[in-house]
Amino acid sequence: MTIKNICQQAQKSYPLVPLGDIELLLAEGLHRSLNYLYKNPEKILSRSSESTFWRLLERRRKNFSIAYLTRNKAFFGLDFYVSNHVLVPRPESELLVEEGLRYLKNKKNPNIIDVGTGSGCLIVALAKNYAAQPDGLVTTNPSGCFVAVDNSGRALKVAKTNLRKHGLKHRVKIIKSDLLKNVPVQKFDLVLANLPYLGRQHLKEPSIAKEPRQALVAGNDGLFCYQRFFKQLPKYLEKNGLALLEIDPQQDPEIKQIAIKHFPQAKIEIKKDLAGQARLLKIKDN
């Protein structure tokens, strides 16, 4: 069967799967680029390639993320390797990177930590785009300390792969830790955290059904991890430092009150994403 014919057959057999996904999965099955598919519509596939493609397509029908099936996801203009041991990077999480870079614009030698790093997309995007100079020139070898933390060894393997992929293997230190438990006490100028924040009621949602539960759910109300994290954070956040935490929109204003309890003198605000949903908790210590 040719590339053109198998795409047509897939559209008929799987009408709910978008053509774009079909093409991506076929390219993955062939270990080729999309451009190759478009330029070679009459190319005859091997039985092995056909079998791989149909297997991937069936998994897509069962709500496996296209990112898991192609092992790739774009985030903040960069490509990341992903596996089913980490969350798929999402566009709304780019808000943490944008706010982090804005804060670091005129900072030199900052200490930065990413807690619950998963794929490493936040710390990689931040490190690759960090501009230490007032004129906005990106430094190729910025000083300061970059740390990525996760309690999952499998997730850290994915993060390490992405650090190597983006030339940051020796720039970012990896620590296996339950939140900040195993992190030596020091002050960080910027703390990023995208911790599990969903309640158990979210588990039935098809969009997250195939993603690692331990990276998503935090007790019945989704606040368990952040309640623990706030108890540790004051020891690690530098004076005039900034903490950026991704949250569930339904947790505003409850999570804000928890933050005020542990940072009574800090400036605390909720920032909305492009969809108008409360997405980011900002803690600016004074």
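Preceding this section is the structure that the text describes.
The written sequence of each chain sets the order in which its residues are numbered from 1. Given that the model is predicted, a residue must reach a pLDDT of at least 70 before its local features are reported, and side-chain atom pairs must reach 80 or more before they are shown or counted; all residues, however, enter totals for whole chains, interfaces and linings. With hydrogens and water set aside, each side-chain value is computed from the structure's full complement of heavy atoms.

Undergrad: Could you give me a rundown of the pattern of salt bridges, with the residues and numbers involved?
TA: Criterion for a salt bridge: a side-chain nitrogen of Lys or Arg within 4 Å of a carboxyl oxygen of Asp or Glu. Scanning the model with the defined rule gives nine salt bridges in all. Between Arg60 and Asp21 there is a salt bridge whose closest N-O contact spans 3.0 Å. Taken together, the residues span a long stretch of sequence, with Arg60 in helix α4 (residues 47–61) and Asp21 in helix α2 (residues 19–30) at a distance of 39 residues. Of the residues examined, Asp21 reaches a relative accessible area of 13% and is grouped as buried. Across the pair Glu28 and Arg71 runs a salt bridge, and its minimum N-O distance is 2.4 Å. Placement of the pair is Glu28 in helix α2 and Arg71 in the loop between α5 (66–70) and β1 (73–75), with a sequence separation of 43 residues. According to the relative accessible area criterion, Glu28 is buried, its value standing at 17%. A run of DSSP states H or I qualifies as a helix once it reaches four residues; a run of E qualifies as a strand once it reaches two. Both are numbered from the N-terminal end. Here's how the labels work: a residue is buried when its accessible area is under 20% of the maximum for its type, exposed when over 50%, partly exposed in between, all with a 1.4 Å probe on protein chains only.

Undergrad: Please give an account of helix α8 (residues 153–165) that cites residues and values.
TA: The terminal C-alpha atoms of α8, which comprises 13 residues, lie 18 Å apart, in line with the 18 Å expected from a rise of 1.5 Å per residue. What α8 keeps buried is the set Ala155, Leu156, Val158, Ala159, Asn162 and Leu163. Take α8 and look down its axis: the buried residues cluster within an arc of 155°, on one side only. In α8, those exposed residues whose orientation departs by more than 90 degrees from the buried face are Arg154 and Lys157. Should any heavy atoms of two residues lie within 4.5 Å, those residues are considered in contact. For α8, the elements touching its buried residues are β2 (78–80), α7 (121–129), β4 (145–150) and β5 (172–176). The length a helix should cover is 1.5 Å for every residue beyond the first. Taking the helix axis as origin, the arc is that swept by the directions to the C-beta atoms.

Undergrad: Break down the sheet that holds β5 for me, with residues and values.
TA: Strand pairs in the sheet, formed through backbone hydrogen bonds, run parallel or antiparallel to each other. Reading across from one edge, β5-β4-β3-β6-β7-β9-β8 is the order of the seven strands in this open sheet, with mixed pairing throughout. A strand with exactly one partner marks an edge of an open sheet, and here the two such strands are β5 and β8 (267–272). The sheet shows a mean angle of 15° between the axes of neighbouring strands, taken without regard to direction. Pairing between β4 and β5: five bridges, direction parallel. Residue pairing in the sheet places Asp150 in a bridge with Lys176 of β5. Here, a strand pair is defined by DSSP locating no fewer than two bridges between the strands. For helices, the axis comes from a line fit to the C-alpha atoms of the stretch in contact; other axes are also lines fit to C-alpha atoms, and the angle between any two N-to-C directions lies between 0 and 180 degrees.

Undergrad: Outline the environment of Leu242, supporting the account with residue identities and numerical values.
TA: The residue Leu242 is located in strand β7 (residues 237–246) in this model. Leu242 gets classed as buried once you look at its relative accessible area, which sits at 5%. Put simply, Leu242 and Ile283 are 41 residues apart on the chain and 5.7 Å apart in space, counted from C-alpha to C-alpha. The contacts of Leu242, once residues within four sequence positions are left out, are Glu99, Tyr103, Asp189, Leu190, Val191, Leu237, Lys282, Ile283 and Lys284.

Undergrad: Which residues make up the environment of Ser65, and what values do they have?
TA: Looking at where Ser65 falls in the secondary structure, it is placed in the loop between α4 and α5. For the pair Ser65 and Asp21, spaced 44 residues apart in sequence, the C-alpha to C-alpha distance is 10.0 Å. Ignoring any residue separated from it by four or fewer positions in sequence, one finds Ser65 in contact with Arg60 and Val88.

Undergrad: Give me the lowdown on the packing of aromatic side chains, citing residues and values where you can.
TA: Stacked, tilted and edge-to-face pairs are distinguished by plane angle, under 30 degrees for stacked and over 60 for edge-to-face with tilted covering the rest, among Phe, Tyr and Trp rings (Trp via its six-membered ring) whose centres lie within 6.5 Å. Counted by the stated rule, this structure contains six aromatic pairs. Here Tyr226 and Phe229 contribute two aromatic rings whose centre-to-centre distance is 6.4 Å and whose plane-to-plane angle is 65°, an arrangement assigned as edge-to-face. Remark: Phe229 and Tyr226 occur in helix α9 (residues 224–232); sequence separation between them is three residues, near one turn of the helix. For Tyr226, a relative accessible area of 0% gives the class buried. Through a chain of ring-to-ring contacts, three or more aromatic side chains come together here, namely Tyr14, Phe53 and Trp54. By the criterion adopted, a ring carries a charge over it if an Arg CZ or a Lys NZ lies within 6 Å of its centre and within 35 degrees of its normal. Over the face of the ring belonging to Tyr36 we find Arg32, whose NZ or CZ atom lies 4.3 Å from the ring centre. Over the aromatic face of Phe64 sits the side chain of Arg59, whose NZ or CZ is 4.3 Å from the ring centroid.

Undergrad: Hey, could you go over the side chain of Asp189 for me, with residue numbers and the actual values?
TA: Residue position: Asp189 is located in strand β6 (residues 188–193). Residue contacts for Asp189: discarding those within four places in its chain leaves Tyr103, Lys107, Asn109, Pro110, Asn111, Leu237, Glu238, Gly241 and Leu242.

Undergrad: Can you tell me about the packing of α2 against α4, naming the residues and giving the values?
TA: The contact between α2 and α4 brings their axes to 8 Å, and the two run at 140°. Considering the angle they form, α2 stands oblique to α4. Remark: the crossing between α2 and α4 carries right-handed chirality. Judged by residue contacts, Asp21, Ile22, Leu25, Leu26, Glu28, Gly29 and Leu30 of α2 engage Ser49, Thr52, Phe53, Leu56, Leu57 and Arg60 from α4. Here the nonpolar group is Ala, Val, Leu, Ile, Met, Phe, Trp, Tyr, Cys and Pro; Asp, Glu, Lys and Arg are the charged ones; every other residue, Gly included, is treated as polar. Here the contact of α2 with α4 is built from residues that sort into seven nonpolar, three polar and three charged. Working rule for angles: under 35 degrees goes down as roughly parallel, over 145 as roughly antiparallel, 65 to 115 as roughly perpendicular, anything else as oblique. By definition, turning the near helix anticlockwise from the far helix through less than a right angle yields a left-handed crossing, and turning it clockwise yields a right-handed one.

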